[in-house]
Amino acid sequence: MVEITQRTIQGRFLLKPSPRLNAVVAGCFARAQENTGATVHAVAVLANHFHLLASFESVQQMASF
């Protein structure tokens, strides 16, 4: 299991909390999980970054995620 943190460009508050953002984020991670076979354990999205806990079988799988 690995923890991935990704920040928005220049740390700007671009991820305004809303039901629509929740749906888009869930859809993006679900599609990436489906396409790569990775396992997503948890996601936390804040206004300027997100944290992701996921398991990968290889470095190549993580890169394609």
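Structure: see above.
Described in the following lines is the structure provided in the data block. For clarity, every value in this text was computed on a predicted model and none was experimentally measured. (Residues numbered from 1 in each chain as written. Predicted model: local features only at pLDDT ≥ 70, side-chain atom pairs only at ≥ 80, totals over all residues. Heavy atoms only, no water.)

**Here's the deal with the sheet that holds strand β2 (residues 39-45)**
- An order of β1-β3-β2 is seen for the three strands of this open sheet, with the pairing classed as antiparallel. Each edge of the sheet is formed by a strand with only one pairing partner; in this case those strands are β1 (2-7) and β2. Here the average twist between neighbouring strands, direction ignored, is 20 degrees.
- Bridging between β1 and strand β3 (residues 49-55) involves six bridges; their strand directions are antiparallel. Within β3, the residue paired with Ile-4 across the bridge is Leu-52.
- Here helix α1 (residues 19-36) sits on the sheet in contact with β2 and β3, set at roughly 155 degrees to β2. (Pairing = 2+ DSSP bridges. Helix = DSSP H or I, 4+ residues; strand = E, 2+ residues; numbered from the N terminus. Axes fitted to C-alpha atoms, helices over the stretch in contact; angles between N-to-C directions. Contact = heavy atoms within 4.5 Å.)

**A short note on the packing of aromatic side chains**
- Scanning the entire structure with this criterion turns up three aromatic pairs.
- Geometrically, the ring pair formed by Phe-29 and Phe-50 is edge-to-face, given 5.3 Å between the ring centres and 70 degrees between the ring planes. Placement of Phe-29 in helix α1 and of Phe-50 in strand β3 is noted, with a sequence separation of 21 residues between them. The same class applies to Phe-29 as to Phe-50, namely buried.
- Every member of this aromatic cluster is reached through a ring pair, and the members are Phe-29, Phe-50, Phe-56 and Phe-65. (Phe/Tyr/Trp six-rings, centres within 6.5 Å; stacked < 30°, edge-to-face > 60°. Buried < 20%, exposed > 50% of the residue type's maximum accessible area, 1.4 Å probe, protein only.)

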